[in-house]
Amino acid sequence: MKKLKLFALTALALLGASGVANAETVLLSTDDFVGISFWVISMGMLAATAFFFLEVGSVSAAWRTSVTVAGLVTGIAFIHYMYMRGVWVQTGDSPTVYRYIDWLITVPLQMVEFYLILKAVGKANSGMFWRLLIGSVVMLVGGYLGEAGYINATLGFVIGMAGWFYILYEVFSGESGRAAAKSGNKALVTAFGAMRMIVTVGWAIYPLGYVFGYLTGGVDANALNVIYNLADFINKIAFGLVIWAAATQASGRRR
Ligand SMILES: *C/C=C(C)/C=C/C=C(C)/C=C/C1=C(C)CCCC1(C)C
């Protein structure tokens, strides 16, 4: 089991690195801070992925899926970041639309984490799963159609915001939020609250980026990329760590 895991992690690392060794490619210049931030976040994602996968076996069975999904989120982001970094170094640009490929997979998975941790303590039902999933898909599809120019940018923004508010309602006042509050499980309540804060405050950066990048203009592409990179670091890695901490605590592990 351990060997298999190490193998999988090595394969992942090689896959990410394979985009690097092409002699024809332009090199990352030493004063390219945006490019360097892509690199730093990539490595953070890789380290987080290795960590979550190695920790899966140490938490109790009910929490394993949650920790595995945390590793999937950072793993997908890792590979995606390697690609975005490559595009950035080659072209000096990284269209926000590329980020949607990552978001479309990782954000619904993160939403499902609310369901999974409730499930770990026996308080989940399938309605929660579908509402969280559908809310996140509406949010992202609306944003994508608007940013990519398929629909009016304002309309895309409005649809995206509606999806986000729907999610916030579900985790604060909806069935999921109420189930967490009534669960009587301290580890769950703490994790659920912290994840909710990330989804409220940490996630607000993305619609703000949309407003300044597409609706009002005025923020330059470099700044926007650095901001998104930092946001992803918190919203993916810290989000996973919160889940890992709850899983560890609920499993009664001494550290
Ligand atoms: C790891 C990546 C994450 C957590 C990405 C999250 C993205 C969002 C919360 C995007 C939200 C948007 C709105 C709320 C409205 C406008 C369109 C979006 C998609 C930028």
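How each quantity is defined
- Residues numbered from 1 in each chain as written.
- Predicted model: local features only at pLDDT ≥ 70, side-chain atom pairs only at ≥ 80, totals over all residues.
- Heavy atoms only, no water.
- Patch = residues over 30% accessible without salt bridge, like charges linked within 9 Å, V, L, I, M, F, W, Y side chains within 5 Å.
- Areas by Shrake-Rupley, 256 points an atom, 1.4 Å probe, with all protein chains shown as cover.
- Salt bridge = Lys/Arg side-chain N within 4 Å of Asp/Glu carboxyl O.
- Helix = DSSP H or I, 4+ residues; strand = E, 2+ residues; numbered from the N terminus.
- Buried < 20%, exposed > 50% of the residue type's maximum accessible area, 1.4 Å probe, protein only.
- Near = heavy atom within 4 Å.
- Nonpolar A, V, L, I, M, F, W, Y, C, P; charged D, E, K, R; others polar.
- Contact = heavy atoms within 4.5 Å.
- Expected span 1.5 Å × (residues − 1).
- Core = buried A, V, L, I, M, F, W, Y, C linked by side-chain atoms within 4.5 Å.
- Axes fitted to C-alpha atoms, helices over the stretch in contact; angles between N-to-C directions.
- Parallel < 35°, antiparallel > 145°, perpendicular 65-115°, else oblique.
- Left-handed = near helix turned anticlockwise from the far one by under 90°.
- Lys, Arg positive; Asp, Glu negative; His and termini not counted.
- pLDDT = per-residue confidence, 0-100.

A.B. asks: Just give me the short version of a nonpolar patch on the surface, but keep the residues and values in it.
C.D. replies: Together, Leu-104, Ile-105, Val-137 and Val-141 line one region of the surface with nonpolar side chains, adding up to about 300 Å² of accessible area. For the nonpolar patch, the secondary-structure elements that each account for two or more residues are helix 4 (96-120) and helix 5 (126-147). Residue placement: Val-141 occurs in helix 5.

A.B. asks: Tell me about the environment of Leu-54, and name the residues and values.
C.D. replies: Here Leu-54 shows up in helix 2 (residues 33-55). On the accessibility criterion, Leu-54 (34% relative accessible area) is partly exposed. Here the alpha-carbon distance between Leu-54 and Val-67, two residues 13 residues apart in the chain, equals 9.8 Å.

A.B. asks: So what's going on with the site of the ligand? Which residues, and what values?
C.D. replies: Not every one of the 16 residues close to the ligand is listed here, only the nearest: Trp-103, Val-107, Met-139, Trp-203 and Lys-236. Coverage of the ligand by the protein chains reaches 100% of its 530 Å² of free accessible surface. Mapped onto the shell around the ligand, the elements with two or more residues apiece are helix 4, helix 5, helix 6 (153-172), helix 9 (205-215) and helix 10 (221-250). Taken together, the residues of the shell around the ligand sort by class into 11 nonpolar, three polar and two charged.

A.B. asks: Explain the side chain of Lys-236 to me, using residue names and the numbers behind them.
C.D. replies: Along the chain, Lys-236 turns up in helix 10. A residue is classified by how much of its surface remains accessible, and Lys-236, at 3% relative accessible area, is buried. Ignoring any residue separated from it by four or fewer positions in sequence, one finds Lys-236 in contact with Met-45, Val-73, Thr-74, Ala-77, Asp-102, Trp-103, Thr-106 and Gln-110.

A.B. asks: Tell me what's going on with helix 10, and back it up with residues and numbers.
C.D. replies: Its 30 residues place the ends of helix 10 43 Å apart at the C-alpha level, agreeing with the 44 Å of an ideal helix rising 1.5 Å per residue. One or two residues past the end of helix 10 sits Gly-252, with phi positive at roughly 65°.

A.B. asks: Can you lay out the nonpolar core for me, pointing to particular residues and giving the numbers?
C.D. replies: The nonpolar side chains of soluble globular proteins are, as a tendency, buried together. By size, the foremost hydrophobic cluster in this structure holds 63 residues, and its most contacted members are Trp-63, Phe-114, Ile-117, Met-195, Val-199 and Trp-203. By residue number, the principal contributor to this core is helix 3 (residues 61-91), which donates 12 residues. Apart from residues lying up to four places away in sequence, Val-199 is in contact with Met-111, Phe-114, Trp-164, Ile-167, Leu-168 and Phe-239.

A.B. asks: Please set out the pattern of salt bridges residue by residue, giving values where relevant.
C.D. replies: Under the criterion given, the structure shown has five salt bridges. Its salt-bridge partner being Arg-131, residue Glu-175 comes within 2.7 Å of it at the nearest N-O pair. A residue pair is termed long-range when its members are at least 10 positions apart, and Glu-175 in helix 7 (residues 175-182) and Arg-131 in helix 5 qualify at 44 residues. Judged by relative accessible area, which is 32%, Glu-175 ranks as partly exposed.

A.B. asks: So what about the packing of helix 3 against helix 10? Which residues, and what values?
C.D. replies: Orientation of helix 3 relative to helix 10, taken along the N-to-C sense of each, is 160°, at an axis distance of 9 Å. One way to sum up the angle between helix 3 and helix 10 is to call them roughly antiparallel. Crossing handedness for the pair helix 3 and helix 10: left-handed. Considered class by class, the residues forming the contact of helix 3 with helix 10 number 14 nonpolar, six polar and two charged.

A.B. asks: Before we move on, can you summarise the side chain of Glu-147 with the specific residues and values?
C.D. replies: Along the chain, Glu-147 turns up in helix 5. We note that Glu-147 is buried and unpaired, the nearest opposite charge coming from Arg-99 at a distance of 8.4 Å. Beyond its immediate chain neighbours, meaning those up to four positions away, Glu-147 contacts Thr-96, Val-97, Tyr-100, Tyr-210 and Tyr-214.

A.B. asks: Lay out the environment of Gly-156 with the relevant residues and their values.
C.D. replies: Mapped onto the elements, Gly-156 comes out in helix 6. Taking the C-alpha atoms as reference points, Gly-156 and Gly-143, separated by 13 residues in sequence, lie 5.1 Å from one another. With residues near it in sequence (within four places) discarded, Gly-156 still touches Gly-142, Gly-143, Gly-146, Ile-151 and Tyr-210.

A.B. asks: Help me get a handle on the confidence of the model for the chain, residues and values and all.
C.D. replies: Low pLDDT means the predicted coordinates in that region are not meant to be read closely. For the chain, the mean per-residue pLDDT works out to 90, and 89% of the residues sit at or above 70. Averaged pLDDT values for the elements of the chain fall to 65 in helix 1 (residues 2-17) and rise to 97 in helix 6.

A.B. asks: Let's hear about the environment of Trp-203: which residues, and what values?
C.D. replies: Position of Trp-203 among the secondary structure elements: in the loop between helix 8 (186-202) and helix 9. A relative accessible area of 5% places Trp-203 in the buried class. Residues Trp-203 and Trp-164, 39 residues apart in the sequence, show an inter-C-alpha distance of 9.2 Å. Among residues more than four places away in sequence, those in contact with Trp-203 are Val-107, Gln-110, Met-111, Met-139, Trp-164, Ile-167, Ile-198 and Asn-235.

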